[in-house]
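Chain by chain, the residues run as shown.
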Amino acid sequence: MYAFALLDSGQVRPELTVWPSTAMSFGLFDEERGMREAAAEARATLNTDWGSRALAGESKLFDPLHYNNGTVWPFCTGFTAWGQYRYRNPVAGFAALSQIVNSGFTWGLGHNPEVMGGMMYEPLEAAVPQQFFGTSFILTVLGRGMLGWEPDIPAGTIRFSPQFPTDWDRLTVHGVPAGRRRYDVLMQKTPTELRVTVRRSGGPTDAPDTLIFVPHLPLGSRLTDVKVHGGVSLPSEAPRQTARDLELTLPVVLAEEVTFELHYEAGYEVFLPRVVPQRGDRSRAMRLLDQRLEGDTLVLTLEGREGTTDTLWVRHSEMPEQRAMAVSFDGVGDPVDGYVRMTLRVSP
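Residues numbered from 1 in each chain as written. Predicted model: local features only at pLDDT ≥ 70, side-chain atom pairs only at ≥ 80, totals over all residues. Heavy atoms only, no water.

Asks: Can you help me understand the overall build of the protein in this one?
Replies: In terms of regular secondary structure, the protein is built from six helices and 22 strands. Against the 2.2 N^0.38 benchmark of 20 Å for 348 residues, the protein shows a C-alpha radius of gyration of 21 Å, consistent with a compact globule. Each principal axis of the C-alpha distribution contributes one length, and for the protein these read about 55 × 45 × 45 Å. Burial analysis of the protein (348 residues in total) assigns 50% to the buried set. (Helix = DSSP H or I, 4+ residues; strand = E, 2+ residues; numbered from the N terminus. Rg over C-alpha atoms; globule rule 2.2 N^0.38 Å. Buried < 20%, exposed > 50% of the residue type's maximum accessible area, 1.4 Å probe, protein only.)

Quick look at the structure:
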């Protein structure tokens, strides 16, 4: 993981904190190291079921009621979510995004507390009852993270790199901005096909934008066909297998509308159960830290509460149907939350 700080003595301060997620959000780490940092930032010692602690529970300085040393801020959780999307763990990214959203339905609509306890889902007495710059991250993470929409107006380009949840089969977004222009985005997905349409819906028509479509197909996917309808295709890069997905880069000059059709042999897709905490709850949700391939075997790094058995779902083209898998977390968990780490291997 990346260090939090250097001390006056020049020594590295090795505490696990949420703050490297700020650098992750802006893509400042190289890919391999950034993915390793994302795995560290996804750990249960740093993330509760209602958001991210500023300081991990394993630290000697951890205090669940201390403003800077262990409480949970929606503001920090926004950086966690954005950083996880940036470094290809959309399961953890969506979980963190959902935690910010959930906080708006617990104490009354629109009342998202500034800071909550680090061990129990309750706001601190000193918390500002509505902190806008924390909840504003909902839109940032939806746009920059899940949708992956990043316009560069001086350059006339839009990078579009969506990673919407694996159990969603469609998504429609209206009026996505790029300078003075607006676009509608429509996405449909099956286990073996992704169809995406981007249509200009408003703004000046004097000059077209260059749309750089960068889809992320499931880990282990094999691309079989790509069709582009509309626009003017530009030279594209060969598909690239990363540690967590199959990445394509498909640039087009977009005047009015373009539709991408991607056909592929499905790779692995993982679904974790979603947990919505209630007031006074402790953390109990399973965490996905990392996933990788060893040959044709999917290797998952998970964390769960000691002595519990949870269920996850895995889908693959060679499996007749979505497979439910029971995962038992045996052993002694960490002293604060009782979470145990384990490795799960899944073969077709």
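Back to the text.
Asks: Looking at this structure, how should I read the sheet that holds strand β20 (residues 308-315)?
Replies: Through backbone hydrogen bonds, the strands of a sheet pair up, either in parallel or in antiparallel fashion. A sheet is described by the order of its strands in space; here three strands give the open sequence β17-β20-β21, paired in antiparallel fashion. Sheet topology places β17 (269-271) and β21 (323-329) at the edges, where each strand pairs with a single neighbour. Strand-to-strand twist across the sheet, computed as the mean angle between neighbouring axes with direction ignored, equals 30°. Looking at chain direction, β20 and β21 are connected through seven bridges and run antiparallel. What sits directly across from T308, in β21, is F329. (Pairing = 2+ DSSP bridges. Axes fitted to C-alpha atoms, helices over the stretch in contact; angles between N-to-C directions.)

Asks: Honestly, the side chain of E303 in this entry has me stumped. Any pointers?
Replies: For E303, the position within the fold is in strand β19 (residues 297-305). On the accessibility criterion, E303 (5% relative accessible area) is buried. For E303, the side chain forms a polar contact with the main-chain nitrogen of A44, separated by 2.7 Å. (Polar contact = N/O pair within 3.5 Å; in protein donor to acceptor, adjacent residues only side chain to side chain.)

Asks: Would you mind going over the sheet that holds strand β7 (residues 170-178) with me for this structure?
Replies: In spatial order, the strands read β7-β8-β9-β16-β12; together these five strands make up an open sheet with antiparallel pairing. The sheet is open, and its two edges are formed by β7 and β12 (222-229), each paired on a single side. Pairwise comparison of adjacent strand axes, ignoring direction, gives a mean angle of 15° for this sheet. Relative to strand β9 (residues 193-202), strand β8 (residues 181-190) runs antiparallel, the two being bridged by nine bridges. Note that in β9 the partner of Q188 across the bridge is R195.

Asks: What am I meant to see in the pattern of salt bridges here?
Replies: As a working rule, side chains carrying opposite charge can pair if their charged atoms are close by. Summed over all chains, the structure comprises 28 salt bridges. The salt bridge involving D290 is made with R244; its shortest N-O contact spans 3.0 Å. Of this pair, D290 sits in strand β18 (residues 287-294) while R244 sits in the loop between β14 (237-241) and β15 (246-254), and the two are 46 residues apart along the sequence. A relative accessible area of 23% means that D290 is categorised as partly exposed. Given the relative accessible area of 5%, R244 is considered buried. Note that R315 and E269 form a salt bridge whose closest N and O atoms lie 2.9 Å from each other. (Salt bridge = Lys/Arg side-chain N within 4 Å of Asp/Glu carboxyl O.)

Asks: Mind showing me how you'd approach the packing of aromatic side chains here?
Replies: Any pair of aromatic rings gets described here by the distance separating the centres and the angle formed by the planes. Within the structure shown, the criterion is met by 17 aromatic pairs. Arranged with centres 5.7 Å apart and planes meeting at 25°, the rings of W50 and Y121 form a pair that is stacked. Pair noted here: W50 is in the loop between β3 (47-48) and β4 (51-52) and Y121 is in the loop between α4 (90-102) and α5 (132-135), with a separation of 71 residues, a long-range link. With relative accessibility at 3%, the residue W50 sits in the buried group. For Y121, a relative accessible area of 1% corresponds to the buried category. The interplanar angle of 65° and the centroid separation of 4.7 Å between the aromatic rings of F79 and F137 together place this pair among those described as edge-to-face. Of this pair, F79 sits in helix α3 (residues 74-86) while F137 sits in helix α6 (residues 137-146), placing them 58 residues apart in sequence. Overall, the relative accessible area of 12% leaves F79 in the buried class. (Phe/Tyr/Trp six-rings, centres within 6.5 Å; stacked < 30°, edge-to-face > 60°.)

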